[in-house]
Amino acid sequence: MTDRERPEVVDLFIIGGGINGCGIARDAMGRGLTVTLAEQGDLAQATSSASTKLFHGGLRYLEYFEFRLVREALEERETLLAAMPHISWPMRFVLPYHADMRFESDTPTSRLLGLVMPWMKGRRPAWLIRLGLFLYDTLGGRKILPATRTLDLTQDPAGRPLNPKFRKAYEYSDCWVEDSRLVALSARDAADRGAQIHTRTLVVSADRADGLWRVTTEGAEGRQVHLARALVNAGGPWVEDVIRNVARINSTEGVRLVRGSHIVTRKLYDHDRCYFFQGEDGRIIFAIPYEQDFTLIGTTDKDHKDAPKEARCTDEERDYLCAFASKYFAKPVTAADVVWTYSGVRPLYNDGAKSATAATRDYVLSLDQNGAPLLNVFGGKITTHRRLAESALEKLAPFFPQAKGNWTARVPLPGGDFPHDGVAALRAGLRARYAFLTDYWAARLVRAYGTQAAEMLGDARTASDLGQDFGATLTAREVDWLVAREFARGAEDIVWRRSKLGLRMTAEQIAALEVYMAGAQAAGAQAPAAE
Ligand SMILES: Cc1cc2nc3c(=O)[nH]c(=O)nc-3n(C[C@H](O)[C@H](O)[C@H](O)COP(=O)(O)OP(=O)(O)OC[C@H]3O[C@@H](n4cnc5c(N)ncnc54)[C@H](O)[C@@H]3O)c2cc1C
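So, here's what we can say about the structure. Quick caveat: nothing in here was measured; it's all calculated off a predicted structure. (Residues numbered from 1 in each chain as written. Predicted model: local features only at pLDDT ≥ 70, side-chain atom pairs only at ≥ 80, totals over all residues. Heavy atoms only, no water.)

**Side note on the side chain of Arg 386**
Reasoning step 1: Of note, Arg 386 is situated in helix H8 (residues 385-396).
Reasoning step 2: Residue classification places Arg 386 among the buried positions, given a relative accessible area of 9%.
Reasoning step 3: At 2.7 Å, the side chain of Arg 386 and the side chain of Glu 390 are in polar contact.
Reasoning step 4: Polar contacts involving the side chain of Arg 386 include one to the side chain of Thr 408, which spans 3.1 Å.
Reasoning step 5: For Arg 386, the contacting residues outside a window of four places in its chain are Glu 76, Thr 79, Leu 80, Thr 408 and Ala 409. (Helix = DSSP H or I, 4+ residues; strand = E, 2+ residues; numbered from the N terminus. Buried < 20%, exposed > 50% of the residue type's maximum accessible area, 1.4 Å probe, protein only. Polar contact = N/O pair within 3.5 Å; in protein donor to acceptor, adjacent residues only side chain to side chain. Contact = heavy atoms within 4.5 Å.)

**Description of unusual backbone geometry**
Reasoning step 1: The omega angle of the peptide bond from Gly 298 to Thr 299 is 20°, so this bond is cis rather than trans.
Reasoning step 2: Mapped onto the elements of the fold, Thr 299 is located in the loop between strand E14 (294-298) and strand E15 (302-303).
Reasoning step 3: At Ala 472, a residue that is not glycine, the phi angle is positive and equals roughly 55°.
Reasoning step 4: Residue placement: Ala 472 occurs in the loop between strand E19 (469-471) and strand E20 (474-475).

**Here we look at the layout of surface pockets**
Reasoning step 1: Taken as a whole, the second largest pocket spans an internal volume of roughly 810 Å³.
Reasoning step 2: Considering the residues around the second largest pocket, the lining is formed by 31 residues, among which Trp 89, Glu 178, Glu 291, Gln 292 and Arg 447 are closest to the centre.
Reasoning step 3: At the level of secondary structure, the elements contributing two or more residues to the lining of the second largest pocket comprise strand E4 (88-97), helix H5 (179-192), strand E13 (284-290), E14, helix H9 (423-433), helix H10 (439-449) and helix H13 (491-498).
Reasoning step 4: A per-element tally of the lining of the second largest pocket places H10 first, with five residues.
Reasoning step 5: Of the residues in the lining of the second largest pocket, the class split is 13 nonpolar, five polar and 13 charged. (1 Å grid on protein atoms, 1.4 Å probe; cavity = no way out; pocket = protein on both sides within 12 Å on 5 of 7 lines; lining within 4 Å. Points joined across faces, edges and corners; volume = space filled by probe spheres on them. Nonpolar A, V, L, I, M, F, W, Y, C, P; charged D, E, K, R; others polar.)

**What about the site of the ligand?**
Reasoning step 1: Surrounding the ligand, one finds 38 residues, the nearest of these being Glu 39, Ser 48, Leu 54, Gly 380 and Thr 383.
Reasoning step 2: Contact distances for the ligand include 3.2 Å between an oxygen atom and a backbone N or O atom of Ile 19.
Reasoning step 3: Within the contact set of the ligand, an oxygen atom lies 3.4 Å away from a backbone nitrogen or oxygen of Lys 53.
Reasoning step 4: Here the ligand has 1000 Å² of accessible area as a free molecule, and 97% of this is covered by the chains.
Reasoning step 5: At the level of elements, helix H1 (19-30), strand E8 (202-209), strand E11 (255-266) and strand E16 (338-349) are the ones that each hand at least two residues to the shell around the ligand.
Reasoning step 6: Counting residues per element, the shell around the ligand draws most heavily on E16, which supplies three residues.
Reasoning step 7: By residue class, the composition of the shell around the ligand is 14 nonpolar, 20 polar and four charged. (Near = heavy atom within 4 Å. Areas by Shrake-Rupley, 256 points an atom, 1.4 Å probe, with all protein chains shown as cover.)

**Observations concerning the side chain of Ser 261**
Reasoning step 1: By secondary structure assignment, the location of Ser 261 is in strand E11.
Reasoning step 2: Here Ser 343 takes part through its side chain, which lies 2.8 Å from a polar atom of the side chain of Ser 261.
Reasoning step 3: Not counting residues up to four positions away in its chain, the partners in contact with Ser 261 are Gly 298, Thr 299, Thr 300, Arg 312, Cys 313, Glu 317, Leu 321, Tyr 342 and Ser 343.

Pasting the structure below:
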């Protein structure tokens, strides 16, 4: 096969369509740079759809004295809420307290406490948790999110589903985010600003030549060569593979893969708050109301030795999460309650930490300047993706003096141009205009598309105006929108990443969707404008 060389030279070629690649692409486009991004599969197919989906400071990272990381993430929560009030929202977290709760043994805090108060024998005292929450409340400057309070679980409805031995809890704020929708909307926004986004396109090699990068890709358009002034490696769990096998550079920098698995059960309780459970092994897990009718429980923390794409929730991890949650809920959680599981690997910068839980959650950006610049992205969080993108562009600024300054803190994502507390009004407006929508349907569309939900529904007067009905309120109109606007190419892209309708649709319905999408693509009817 001969390689087709694209004539244009772009400023940045980005490898990886997770949150970091798409966040950097969007930011760079707004600064006036030109960008091409290649993702080997679907957007957010790897870690960025497998997170716990929290915009959070990371309460437990305080025990590792990761103050910079926690402060940056805390500050970021409200900036992100304002920019994407459709796909993110505030949540209250209930942290039941019991005297048996223990630290993981090798956190700096547990070592310090072991020195000054050896009689605590690794227990997390209540005053220390309260102090941690005080720091959490004050470090990041809150305007929207309410402060911590103490709960009497014998009176508060949050105590009802729990084992009665838990009598006291603290309740604090963090936020939810639809992780894979955040990635798709960031890519959409980058494309609207002129970025070339190529999904299902593998980067096979990248070489420096004549002061530029020559990047070879394989995708639907065959083998292509792209020229770029700088290369950004946002390969997530593949970051090291890209350095060694794609760019073929010898490097001492490595990535440590830590697997985190989640289980999803039918709804375990009837209120809208989350639980933060502390285990006797020093770890913590969350139980979170999920997709209206379900509960999400996770995560585990296991070193992952296999290929990144082999991340699966093992039976052992499922049972661990069930047993952990059962220590708190009055009614045990069993494997039979689990309706779905997912798993992803954290691509952490290898700093030689002993345990998986202790490895730094901070991000590291390393710039290789032996010729045309290469920026490698290690680690990061969904929460800090915007700040990470700003730091990445700052590192690259000397090579692009024409680039404009920071801008993403003030500009909403597509569909997010409404107030952070405006969801109910938007939903009511949608129901008034489209009388055929049920409550659930309207709520789902507002949470997915925000102010663009009406544009997607267009002039429909009845549900049948929206074309083929695939079940669970998914219609051809929405599928076409996701193909044209959000780079969806197969049924999985839609039912597990642009939405979570896979939890509600049958295998037959998903198969019918696959047939529809294959047909539409074969007809070439829906080529997206931006690709
Ligand atoms: C279990 C778990 C829970 C988490 N929970 C949270 C949370 O609640 N809040 C939070 O803020 N953060 C959380 N995180 C962290 C967060 O999810 C990650 O930091 C983030 O998703 C990493 O994004 P990324 O873009 O670097 O990687 P990815 O999303 O993995 O993207 C990298 C992409 O690069 C592509 N790629 C690699 N090589 C090539 C190539 N050669 N050619 C083309 N494409 C390539 C891959 O296909 C992949 O899609 C969690 C992580 C895990 C694992």
